[in-house]
Amino acid sequence: MADTMQQAVVGTLVGVPKQKTVSASVSMPTGSLTIKKVDSSNNSPLAGASIEVIRKATNKTVASFESTTSDYVINNLLPGEYEIKELEAPNGYYIDEESSNVIISDSNLNISKTITNSKYDVKIRKVDSETGSVVSGAVLNIINSDNEVVDTITTTNDYVSVDTAKLKEGTYRVVEVSAPSGYVINTTEKKFSLDKTHTKITVDFEDKKNEVIIEKRDASDNSFVSGAVLRLIRVSDNKVIDEWTTNNKGHSVRGLEKGEYKVIEVKAPNGYTLSSSEVTVTITGEETEPITAVFYNSDNQIVINKVDEDGNPLSGAKLRITNSSGSEIDTFTTTKDPYTIDKLDPGTYYVEEIEAPSGYALNKERESFIIDENTTSCLLYTSPSPRD
């Protein structure tokens with residue numbers, strides 16, 4: 001039995017010839033990726049975007065470049081998924097889509113991808129701070145965080161678009177360089193920021209009208225004087241801009257064009273002399289605060305001196321001053337010093353003696369004097385009283 005099994009086993013051991021190992025080289029297909037960078041509004045080519053392409057399987061960068069106006073082609077790419085990342089948009093544009101994926105396959109080896117950018121939109125206008133109406137003629141600088149002026153605009157009667165060619169993500173200041181005619185420069189800056197969430201910006205920049213405050217004051221004590229008629233005249237064409245009667249505060253004139261102006265007095269206030277002087281005001285367009293101009297008036301003065309027959313001052317006479325209606329204006333007793341009365345209204349006045357000094361008879365003659373707007377000061381010697 002054992003022999004039989006041994007024979008059977010031996011019978012199954014058949015020699016097999018050696019096998020040969022054959023090696024073969026199989027070439028993998030490669031593809032290409034063409035990237036087009038364009039303006040989203042008109043599909044025009046865009047230069048200046050920073051882009052990188054990453055093979056997802058290895059997380060390795062296969063290309064990094066800055067776009068030009070020509071398409072960018074990456075060749076010899078293995079099949080697989082690739083991520084296109086935009087790191088920085090061209091100046092004046094923002095990133096529409098930070099990343100996008102494409103797949104290169106055996107059936108689709110050559111891929112083309114268009115990536116868009118949209119323009120920032122920054123619009124600025126100048127408005128009246130009180131009425132909100134649009135104001136033209138202001139010159140504004142747009143300044144970046146490096147303190148560089150990236151654009152200068154002059155406002156119109158609508159929003160003005162800022163040239164975005166030099167704008168990129170960041171913070172900007174709007175600074176007024178020159179005010180519109182009739183306004184003062186607004187020294188308060190406006191700020192705005194550009195980023196992927198702030199792409200469309202509108203700025204309303206307010207201006208106040210310039211202001212000239214004209215005050216009428218007493219030359220002696222600086223108090224306000226009411227009742228004068230003043231006139232504001234533009235020097236270039238002698239045009240009357242404004243005329244008013246003064247009160248106990250300043251008179252405001254606003255919105256004056258650039259140029260030189262003068263203030264003259266047309267009528268003096270009661271008790272004062274008409275001033276022949278002029279007060280000049282110059283509007284440069286660079287004002288930041290109201291201008292205050294002060295017009296002074298000197299009051300009229302009547303100096304009364306009572307003298308004896310030798311012309312020496314005489315004390316002790318009681319004199320009364322009345323106007324043309326007979327109303328008493330003042331009563332005083334003379335001393336060796338002259339007596340002064342001022343700020344009399346225009347008209348005719350009388351001085352009469354109502355009580356003689358000791359040792360003298362009453363002088364019954366009346367002295368008269370006239371006050372008008374041209375009266376500055378007057379020295380009046382009353383007639384000497386006769387001795388008893």
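It should be emphasised that the depicted structure is a prediction, and the values quoted were computed from it without experimental measurement. (Residues numbered from 1 in each chain as written. Predicted model: local features only at pLDDT ≥ 70, side-chain atom pairs only at ≥ 80, totals over all residues. Heavy atoms only, no water.)

K.L.:
Just to check I follow, could you spell out the overall build of the protein chain for this structure?
P.N.:
Counting its regular elements, the protein chain contains one helix and 29 strands. Buried residues in the protein chain amount to 38% of all 388 residues. In the form shown here, the protein chain has an accessible surface area of approximately 22,000 Å², with 45% of it arising from carbon and sulfur atoms. (Helix = DSSP H or I, 4+ residues; strand = E, 2+ residues; numbered from the N terminus. Buried < 20%, exposed > 50% of the residue type's maximum accessible area, 1.4 Å probe, protein only. Areas by Shrake-Rupley, 256 points an atom, 1.4 Å probe, with all protein chains shown as cover.)

K.L.:
Got a minute to help me understand the sheet that holds strand 21 (residues 279-283) in this structure?
P.N.:
One key point about sheets: their strands pair by backbone hydrogen bonds, in either a parallel or an antiparallel sense. The sheet built from four strands is open, its strands ordered 18-17-20-21 with antiparallel pairing. Edge strands, defined here as strands with exactly one partner in the open sheet, are strand 18 (239-245) and strand 21. Each strand of the sheet is rotated relative to its neighbour by a mean of 25°, with strand direction disregarded. Looking at chain direction, strand 17 (residues 229-234) and strand 20 (residues 259-267) are connected through six bridges and run antiparallel. By the bridge assignment for strand 20, Val229 is matched with Lys267. (Pairing = 2+ DSSP bridges. Axes fitted to C-alpha atoms, helices over the stretch in contact; angles between N-to-C directions.)

K.L.:
I tried to follow the nonpolar core on my own but got confused; where do I start?
P.N.:
Counting residues in each nonpolar core, the largest one holds 19 residues, and the members touching the most others are Val122, Ile124, Ile142, Leu167, Tyr172, Phe192 and Leu194. Here this core gets three residues from one element, more than from any other, and that element is strand 15 (residues 200-207). Apart from residues no more than four positions distant in its own chain, Phe192 is found in contact with Val122, Ile142, Gly170, Thr171, Tyr172, Val174, Ile201 and Val203. (Core = buried A, V, L, I, M, F, W, Y, C linked by side-chain atoms within 4.5 Å. Contact = heavy atoms within 4.5 Å.)

K.L.:
Help me out: how do you make sense of the packing of aromatic side chains in this one?
P.N.:
A full pass over the atoms with the stated rule returns five aromatic pairs. Between the aromatic rings of Phe65 and Tyr72, the centroid separation amounts to 3.6 Å while the plane-to-plane angle is 5°, which identifies the pairing as stacked. For Tyr72, a relative accessible area of 32% translates into the label partly exposed. Aromatic side chains Tyr172 and Phe192 sit 5.5 Å apart centroid to centroid with 15° between the ring planes, which places their arrangement in the stacked category. (Phe/Tyr/Trp six-rings, centres within 6.5 Å; stacked < 30°, edge-to-face > 60°.)

K.L.:
What am I meant to see in the pattern of salt bridges here?
P.N.:
Between side chains of opposite charge, a pair can form as their charged atoms come close. All chains considered together, the criterion is met by 18 salt bridges. Here Lys56 makes a salt bridge to Glu83, at a shortest N to O gap of 3.9 Å. Here Lys56 is found in the loop between strand 2 (50-55) and strand 3 (60-66), whereas its partner Glu83 is found in strand 5 (residues 80-88), with 27 residues between them in sequence. With relative accessibility at 13%, the residue Glu83 sits in the buried group. (Salt bridge = Lys/Arg side-chain N within 4 Å of Asp/Glu carboxyl O.)

K.L.:
What is the right way to look at the side chain of Glu353 in this model?
P.N.:
Summarising the element assignment, Glu353 is placed in strand 27 (residues 347-355). Given a relative accessible area of 7%, Glu353 falls into the buried group. Polar side-chain contacts of Glu353 include one of 2.9 Å to the side chain of Lys306. A distance of 2.7 Å separates a polar side-chain atom of Glu353 from the backbone nitrogen of Asn363. (Polar contact = N/O pair within 3.5 Å; in protein donor to acceptor, adjacent residues only side chain to side chain.)

K.L.:
Would you take a moment to explain the pairing of strand 3 for this structure?
P.N.:
Successive side chains on a regular strand alternate, one facing one side of the sheet and the next facing the other. Examined bridge by bridge, strand 2 and strand 3 share six bridges and lie antiparallel to one another. Paired with Ile54 across the bridge in strand 3 is Thr61. Counting the residues that bridge the hairpin from strand 2 to strand 3 gives four residues, and of these Asn59 lies at a positive phi of roughly 60°.

In short, shape yes, function no, at least from these values alone.
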